[in-house]
Amino acid sequence: MMRSYGQYCGLARSLEVVGDRWNLLIVRQLLIAPARYRDLIDGLPGIATNLLADRLRDLEAAGVVERRLTGEGSVVEYALTPWGAELRQPIESLIRWSTPLMVRAPDGDSFRPEWLTLAVPVLLDARVKVRPSATVGLEIGDPPFQLRATRSGFEVGPHDGRALDATVRADPAYVLGLADGALTLSDARALGLVEIDGDESVVRAVFAA
């Protein structure tokens, strides 16, 4: 049973649905891609299995999440409903708002490379107005990712085998710093925080550095 604030207010009613601990992080994972239960457990380090089950049940009852059968109907997969997918915009706004909070080092916090598939395009889209046409590899963990820049925007996903104009090798925190403009490429290179293979001018254009 969802707890009610008892307020006739859109924000209050929204928080009744997604304001509980872990709910928006579950939505984050499903914005990246539909996922099986065990994939969600892996993508949400720290959540208890029974709590995830409870949160998924609540989000499904609210119409945010739905279950699908995949693999010839033998595997259950969780996905966002069309209404749930509309949470992309507020989540992207929170990612942009979080920039000052990300200056602090991870300090042992968990990290999954796929989280950058949401964060990096959001930060670049807000800052980079002239977008080159390029594909840059991001080696921030396993598997390798690629950052595609087009006139319509940026996207990050697993490397699909296409040719890369350059490859950036760095800790995730430094990639975020480049994406939000808090770290310049020149400083990162001088400090040995970033390695680049290929055309460095393409990397500078993509990150507006």
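Read on for a plain summary of the structure. Source: prediction; values computed, not measured. (Residues numbered from 1 in each chain as written. Predicted model: local features only at pLDDT ≥ 70, side-chain atom pairs only at ≥ 80, totals over all residues. Heavy atoms only, no water.)

Considering the packing of helix H7 (residues 116–127) against helix H8 (residues 172–180)
The relative placement of two packed helices is expressed as an angle between their axes plus a distance between the axes.
Part 1: Where H7 contacts H8, the axes come no closer than 8 Å and their chain directions differ by 25°. Classified by the angle their axes make, H7 and H8 are roughly parallel. Residues Leu116, Ala119, Val120, Leu123, Leu124 and Arg127 of H7 form the contact with H8, whose participating residues are Pro172, Val175, Leu176, Leu178, Ala179 and Asp180.
Part 2: When its residues are assigned to classes, the contact of H7 with H8 shows 10 nonpolar, no polar and two charged. (Axes fitted to C-alpha atoms, helices over the stretch in contact; angles between N-to-C directions. Helix = DSSP H or I, 4+ residues; strand = E, 2+ residues; numbered from the N terminus. Parallel < 35°, antiparallel > 145°, perpendicular 65-115°, else oblique. Contact = heavy atoms within 4.5 Å. Nonpolar A, V, L, I, M, F, W, Y, C, P; charged D, E, K, R; others polar.)

What about the nonpolar core?
Part 1: With 54 residues, the main nonpolar core has Leu147, Val168, Val206 and Phe207 as its most contacted residues.
Part 2: For this core, the element with the highest residue contribution is H7, accounting for seven residues.
Part 3: Excluding anything up to four places from it in sequence, phenylalanine 207 contacts Leu124, Arg127, Val128, Leu147, Val168, Val175, Leu178 and Ala179. (Core = buried A, V, L, I, M, F, W, Y, C linked by side-chain atoms within 4.5 Å. Buried < 20%, exposed > 50% of the residue type's maximum accessible area, 1.4 Å probe, protein only.)

A look at unusual backbone geometry
Part 1: Of note, the bond from aspartate 142 into proline 143 is cis; its omega dihedral lies within 30 degrees of zero at 5°.
Part 2: Examined against the element boundaries, proline 143 turns out to sit in the loop between strand S3 (134–139) and strand S4 (145–150).
Part 3: A positive phi is found at tryptophan 22, a non-glycine position, where the angle reads about 85°.
Part 4: Topologically, tryptophan 22 is positioned in the loop between helix H1 (10–18) and helix H2 (23–32).
Part 5: Non-glycine residue aspartate 107 carries a positive phi angle of around 50°.
Part 6: Considering the arrangement of structural elements, one finds aspartate 107 in the loop between helix H6 (88–97) and H7.
Part 7: Given the relative accessible area of 58%, aspartate 107 is considered exposed.

Concerning the packing of aromatic side chains
Part 1: All chains considered together, the criterion is met by one aromatic pair.
Part 2: Between phenylalanine 111 and tryptophan 115, the aromatic rings sit 6.0 Å apart at their centres with planes inclined by 85°, giving edge-to-face as the arrangement.
Part 3: A relative accessible area of 16% places tryptophan 115 in the buried class. (Phe/Tyr/Trp six-rings, centres within 6.5 Å; stacked < 30°, edge-to-face > 60°.)

Points about the pattern of salt bridges
Side chains that differ in charge, positive against negative, can pair when their charged atoms come close.
Part 1: Enumeration over the complete set of coordinates arrives at 15 salt bridges.
Part 2: Residue arginine 189 pairs with glutamate 200 through a salt bridge whose shortest N-O separation is 2.9 Å. Taken together, the positions of arginine 189 in helix H9 (residues 185–190) and glutamate 200 in helix H10 (residues 200–206) put the pair 11 residues apart, joining distant regions of the chain.
Part 3: Members of the salt-bridge network, linked through shared partners, are Glu139, Arg169, Glu195 and Asp197. (Salt bridge = Lys/Arg side-chain N within 4 Å of Asp/Glu carboxyl O.)

Digging into the sheet that holds S4
Part 1: The five strands lie next to each other as S5-S4-S3-S6-S7, forming an open sheet whose pairing is mixed. Sheet topology places strand S5 (153–158) and strand S7 (194–198) at the edges, where each strand pairs with a single neighbour. Adjacent strand axes in the sheet meet at a mean angle of 20° when their direction is disregarded.
Part 2: Note: S4 against S5, six bridges, orientation antiparallel. Counterpart to alanine 149 in the pairing with S5 is phenylalanine 154.
Part 3: In this fold H7 packs onto S4 and S5, with an angle of close to 165° to the strand it touches most, S5. (Pairing = 2+ DSSP bridges.)

Focus: a nonpolar patch on the surface
Part 1: Together, Leu94, Trp97, Leu101 and Met102 line one region of the surface with nonpolar side chains, adding up to about 480 Å² of accessible area.
Part 2: Mapped onto the elements of the fold, tryptophan 97 is located in helix H6. (Patch = residues over 30% accessible without salt bridge, like charges linked within 9 Å, V, L, I, M, F, W, Y side chains within 5 Å. Areas by Shrake-Rupley, 256 points an atom, 1.4 Å probe, with all protein chains shown as cover.)

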